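Per-entry structural report
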Amino acid sequence: MTQPDFYAAVGKALYETDVAAKLSQVYALYDAITKGEIAPYEADDLTEILPSGRPEKPELVSPRDVPRRKIGSKEGVHALIHSICHIEFNAINLGLDAAYRFRSMPERFYHDWLLVAKEEADHFSMLADYLTSVGSSYGAFTAHNGLWDSAERTAHDPLIRMALVPRVLEARGLDVTPGIINRLKEVGQTGVVAMLLRIVREEEGHVIIGNRWYQYLCRERHLDPKETFFSLLDEYEQTIRAPINTEARLRSGFTEEEIALLLESIDL
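Residues numbered from 1 in each chain as written. Predicted model: local features only at pLDDT ≥ 70, side-chain atom pairs only at ≥ 80, totals over all residues. Heavy atoms only, no water.

With that settled, consider the layout of surface pockets. Of the pockets and cavities examined, the largest pocket occupies roughly 1900 Å³. Looking at the largest pocket, it is lined by 49 residues, and the ones nearest its centre are Ser 83, Ile 87, His 144, Arg 172 and Val 176. Secondary-structure elements contributing two or more residues to the lining of the largest pocket are helix H3 (74-101), helix H5 (146-153), helix H6 (158-186) and helix H7 (190-221). At twelve residues, the largest contribution of residues to the lining of the largest pocket is made by H6. (1 Å grid on protein atoms, 1.4 Å probe; cavity = no way out; pocket = protein on both sides within 12 Å on 5 of 7 lines; lining within 4 Å. Points joined across faces, edges and corners; volume = space filled by probe spheres on them. Helix = DSSP H or I, 4+ residues; strand = E, 2+ residues; numbered from the N terminus.)

What follows is the structure in structure tokens.
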């Protein structure tokens, strides 16, 4: 029996606009690759990037136009969960895109990024179910597309993708989530706290994966990882802001020297 074409199957999930269908395809892909029923093969990387599959809602606006709401109100909690839910949805597409776009990597790369897509689907589903349980839904609030914008900017090179998405944007989640959790504890949102504790724990694993493949690509190209990373931060005008979660970043594969340099460069 002929195996399904790996890249066609991953691309189908990536460009799927129906949420339920996308989730189903992600779970099927992860199950298939772990069972050896589907496998990547070496081919030319893709450089063109198209908009990823997403539903009509939420309406996308500029980041500065997304309303800021206080966690102390129910609507504020719902808006916060919606924003995280939207990040997780985009992260599903980012995991799929890494596996779809970069076609000359070792086989473990594709297992890793389909695992990321699967776990991001878990996170999205958990948060979307919460929104439904409180009378809201994914799509009820506006959102921005910053995470996918970064995917577009890094579509031409897996090293740059690994440097600037997992090591910058996903690591940012490790930095800020503890503060969000503390504020939610103060207003008695224990159920939401439990969800975020699970998410931040698994997101550390995603940053580990990004670090693993960033280090691999630096070795392949005979580049110094630290110098390359900070050069890319400058080239792509990536600003590192406080706080920095030193412990989580160390667990996720950052070196103490990198963290010291990040602390020196943060924009307060």
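All right, on to H6 then. A rise of 1.5 Å per residue sets the reference length of H6, with its 29 residues, at 42 Å; its end C-alpha atoms lie 41 Å apart and thus fit the reference within 8%. The sharpest bend along H6 comes to roughly 35°, located at Val 176, with the proline Pro 178 sitting one to four residues further on. Between a side-chain oxygen at the N-terminus of H6 and the backbone nitrogen of Leu 159 the separation is 2.8 Å; the capping residue is Asp 157. Residue Gly 188 follows H6 closely and has a positive phi angle near 75°. (Expected span 1.5 Å × (residues − 1). Bend = angle between axes of the 7 residues up to and from the residue. Polar contact = N/O pair within 3.5 Å; in protein donor to acceptor, adjacent residues only side chain to side chain.)

A few words now on the side chain of Arg 161. Inspection of the secondary structure assignment puts Arg 161 in helix H6. Beyond its immediate chain neighbours, meaning those up to four positions away, Arg 161 contacts Ile 49, Leu 94, Asp 97, Ala 98, Arg 101, Phe 102, Ala 151, Thr 154, Ala 155 and Pro 166. (Contact = heavy atoms within 4.5 Å.)

In this fold, Leu 80 is placed in helix H3. Accessibility expressed as a relative area gives 15% for Leu 80, which makes it buried. Put simply, Leu 80 and Ser 231 are 151 residues apart on the chain and 33 Å apart in space, counted from C-alpha to C-alpha. Excluding its chain neighbours within four sequence positions, the residues that come into contact with Leu 80 are Ile 71, Ile 180 and Leu 184. (Buried < 20%, exposed > 50% of the residue type's maximum accessible area, 1.4 Å probe, protein only.)

Turning to the packing of aromatic side chains, a few remarks are in order. Taken as a whole and assessed by the stated rule, the structure comprises 15 aromatic pairs. Between Phe 124 and Tyr 138 the ring centres are 5.1 Å apart and the planes differ by 90°, which places this aromatic pair in the edge-to-face class. On the criterion of sequence distance, the pair formed by Phe 124 in helix H4 (residues 107-133) and Tyr 138 in the loop between H4 and H5 is long-range, its members being 14 residues apart. Among the residues examined, Tyr 138 registers a relative accessible area of 15% and is labelled buried. Ring plane angle 75° and centroid distance 5.3 Å describe the contact between Trp 213 and Tyr 216, whose orientation is recorded as edge-to-face. With Trp 213 and Tyr 216 both in helix H7 and three residues apart, this pair spans about one turn of that helix. (Phe/Tyr/Trp six-rings, centres within 6.5 Å; stacked < 30°, edge-to-face > 60°.)

To continue, consider the nonpolar core. Ranked by size, the top nonpolar core spans 83 residues in total, and within it Phe 6, Leu 96, Phe 109, Trp 113, Phe 124, Leu 184 and Phe 229 carry the most contacts. Non-local contacts of Phe 229, meaning those with residues more than four positions away in its chain, are made with Ala 163, Arg 167, Val 168, Tyr 214, Phe 254 and Leu 262. (Core = buried A, V, L, I, M, F, W, Y, C linked by side-chain atoms within 4.5 Å.)

Take the environment of Gly 11 next. For Gly 11, the location among the structural elements is in helix H1 (residues 6-15). Looking at Gly 11, the relative accessible area reads 7%, which means it is buried. With 86 residues separating them along the chain, Gly 11 and Asp 97 place their C-alpha atoms 7.7 Å apart.

This next bit is on helix H10 (residues 256-265). Residue pairs three or four apart in sequence face the same way in an α-helix, which turns once every 3.6 residues. Buried residues of H10: Glu 258, Ile 259 and Leu 262, and no others. End-on, the buried residues of H10 take up no more than an arc of 95°, which puts them together on one face. Facing away from the buried side of H10 by over 90 degrees, the exposed positions are Glu 256 and Glu 264. The secondary structure elements touched by the buried residues of H10 are H6, helix H8 (225-235) and helix H9 (246-251). (Arc of directions from axis to C-beta.)

Scanning the model with the defined rule gives two cavities of 30 Å³ or more in all. What the largest cavity holds in volume is close to 60 Å³. Lining the largest cavity, in full, are Ala 91, Leu 94, Gly 95, Ala 98, Trp 113, Val 116, Arg 161, Met 162, Val 165, Pro 166 and Glu 170. Those elements giving two or more residues to the lining of the largest cavity turn out to be H3, H4 and H6. Counting residues per element, the lining of the largest cavity draws most heavily on H6, at five residues. Each residue belonging to the lining of the largest cavity can be placed in one class, and the counts come to eight nonpolar, one polar and two charged. Of the volumes computed, that of the second largest cavity is approximately 50 Å³. Together, Ser 150, Arg 153, Thr 154, Leu 164, Val 165, Leu 169, Tyr 236 and Gln 238 line the second largest cavity. Broken down by secondary-structure element, the contributors of at least two residues to the lining of the second largest cavity are H5 and H6. The biggest single contributor to the lining of the second largest cavity is H6, with three residues. (Nonpolar A, V, L, I, M, F, W, Y, C, P; charged D, E, K, R; others polar.)

Interpretation note: all reported values are geometric properties and have no functional meaning in isolation.
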